[in-house]
Structures are given as structure tokens and as C-alpha cells.
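Commentary on secondary and tertiary structure
Here is how the chains run, residue by residue.
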Amino acid sequence: LAKTTQPISMDSYEGQEVNITCSHNNIATNDYITWYQQFPSQGPRFIIQGYKTKVTNEVASLFIPADRKSSTLSLPRVSLSDTAVYYCLVAPMDSSYKLIFGSGTRLLVRP
Amino acid sequence: DGGITQSPKYLFRKEGQNVTLSCEQNLNHDAMYWYRQDPGQGLRLIYYSQIVNDFQKGDIAEGYSVSREKKESFPLTVTSAQKNPTAFYLCASSPYRDTNYGYTFGSGTRLTVV
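Note that the structure is a prediction, hence the values are computed from the model and not measured. (Residues numbered from 1 in each chain as written. Chains lettered and ligands numbered in written order. Predicted model: local features only at pLDDT ≥ 70, side-chain atom pairs only at ≥ 80, totals over all residues. Heavy atoms only, no water.)

**So, the overall build of chain A**
Note the cut-off: Secondary structure counts use DSSP, requiring at least four H or I residues in a row for a helix and at least two E residues in a row for a strand, with both numbered from the N terminus. Remark: exposure states derive from per-residue accessible area (1.4 Å probe, protein chains only) relative to the maximum for the residue type, with buried under 20%, exposed over 50%, and partly exposed in between. When checking whether two residues touch, look at their non-hydrogen atoms; a contact exists if any pair is within 4.5 Å.
Looking only at helices and strands, one finds zero helices and nine strands in chain A. In chain A, the succession of helices and strands from N to C terminus is β-β-β-β-β-β-β-β-β. Out of the 111 residues in chain A, the part that is buried amounts to 47%. Long-range contacts, defined as pairs at least 24 residues apart, comprise 57% of the intrachain contacts of chain A with a sequence gap of at least 6.

**Examining the packing of aromatic side chains**
Convention followed: Each pair of aromatic rings taken from Phe, Tyr and Trp, with Trp reduced to its six-membered ring, is defined by centres within 6.5 Å and is described as stacked if the planes are under 30 degrees apart, edge-to-face if over 60, and tilted in the remaining cases. In this scheme, Lys NZ or Arg CZ marks a charge over a ring once it lies within 6 Å of the ring centre and within 35 degrees of the ring normal.
Taken as a whole and judged by the stated rule, the model has 13 aromatic pairs over all chains. For the pair B:Tyr103 and B:Phe105, a centre-to-centre distance of 6.4 Å together with 35° between the ring planes defines the contact as tilted. Owing to a relative accessible area of 10%, B:Phe105 belongs among the buried residues under this scheme. Each member of the aromatic cluster is reached from another via a ring pair, and the members are A:Tyr36, A:Phe46, A:Tyr87, A:Phe101, B:Tyr33, B:Tyr35, B:Tyr48, B:Tyr103 and B:Phe105. Lying across the ring of A:Tyr51, A:Arg68 places its NZ or CZ 3.9 Å from the centre. Its end group placed over the ring of B:Phe74, B:Arg68 keeps NZ or CZ at 6.0 Å from the ring centre.

**Focus: the layout of surface pockets**
A water-sized probe rolled over the atoms picks out the places where empty space is left. Quick reminder of the rule: Each cavity reported here is a set of points on a 1 Å grid over the protein atoms alone in which a 1.4 Å probe fits but cannot get out, each pocket an open set with protein on both sides within 12 Å along at least five of seven lines, and each lining residue one with an atom within 4 Å of a point. Grid points are joined across faces, edges and corners, and a volume is the space filled by probe spheres set on the points. Polar here means any residue outside two lists: the nonpolar Ala, Val, Leu, Ile, Met, Phe, Trp, Tyr, Cys and Pro, and the charged Asp, Glu, Lys and Arg; Gly therefore counts as polar.
Its boundaries defined by the atoms lining it, the largest pocket holds a volume of some 380 Å³. Around the largest pocket, the lining is made up of 22 residues, and of these A:Pro40, A:Ser41, A:Arg106, B:Gln37 and B:Gly40 lie nearest the centre. The set of elements that each furnish at least two residues to the lining of the largest pocket consists of β8 (84–92) and β9 (105–110) of chain A together with β9 (87–94) and β11 (109–113) of chain B. Around the second largest pocket, the lining comprises 20 residues; the ones closest to its centre are A:Thr4, A:Ile100, A:Phe101, A:Gly102 and A:Ser103. Take the lining of the second largest pocket: its biggest share by element is four residues, from β8(A). Among the residues forming the lining of the second largest pocket, the class breakdown is 10 nonpolar, seven polar and three charged.

Structure follows, in C-alpha cells:
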């Protein structure tokens, strides 16, 4: 499974756009990129998933360049409630592969 | 509403005791998973099961056991052989071969050895 690297922590202020970049240099052809959000003492929650170019949903956008060696999770106009840990995962769509969660990026949104 | 229910939310164990954590899902998902999370760390896979009556060891299976007698249930037993069981335990499920919406996680059980 492809290894991912993301910043340990990030700070932002309410109303700002936050971009969290994940590096996955050895991503395989059949790998998808998935992001999860985890609040303290809760299980992670699926945010967004993509294979290439751009994916957008009601929560976030995911930008994936042509070489797919990195991806960027974009959170528009963050609020205090977006303070959480964000995990970037790379794995084939087949769920027989075990998901591996790194330490994630701790996002702190300040007033 | 469909989802995953973990119980209890908090659990205290004495040294040398076995304890069982419950995980039930009504999502009709085929695959289920158990993860362990230590403070400030990511999730580590303990066991996973893709179908009933079958399960596989994850990265840190020593000191743990599971069963999968029913599709909707995947209990985890923390045995006395687990030397450092204090942690946050998370159960998850997913449709087999269709993870378009990722894994669904429960709200976790926090186990403390006293």
C-alpha cells in the first residue's frame, strides 16, 4: 500500500480556506485517495474520495494533479467545528485491502 | 437509521481479566474491522473480517481475539495476554468490493486498565 505524508498540524482562523496537502509518491494505478475527519473521542468520518483531477461535495474539494503523486484537501471557509484530525489514505477500491491510517493532520481553527 | 453501535462507551478492566467489546451494524455491510488508537496516534488494525465465519489478523492482533458468527456482529475480546490494553477501540464496516463511501465507524469504546 502506498505510504502517505502529511503535515502534523495546521492552524487557521474562522472563515479562511484551508488546504491540506498529502504526498503519496508511490501511488499505484488502481489506488484511490480518500480523506477522513476525526473529532476527539469519535470514530473517523469519511469526507471525500477521488482518483484524478477534482472532486467536490458539500463538505470539501479534493484536487489531484495529473501525476497523482500528491493530493490537496480544501475546506472552504472553516469554522471552529472543523477543528479535527484529517487523515489521507491511499488504497485500491477493493475493501479487501486494509486501510492504514497514519497520524493525520491536526487542524486547529481559531476564532 | 443505519449505523454501527459500539458498547460500552467506557470500560474498566482489572489486571488479568478478559473483557469483550461489542460491535453491531445494521448497514448490511460484509466487511468489519477493529482498530486501536492510542493518544495522539493514528489507528492500528487489530482484526478484520470480510465474510461470516472468517477473519484475519491485522498488524497488532496479539492479545486479542474475535468472532464473526453473524454478519451484523463482530465482538472483540481483549485478553489478559494483551500487556497494554488501555486505548480507544474503534469498530468499522464497509461493503465488500464497494467502498465508494468509505468505511463507517462506530463511536468507540475507551478501555482503561485499573
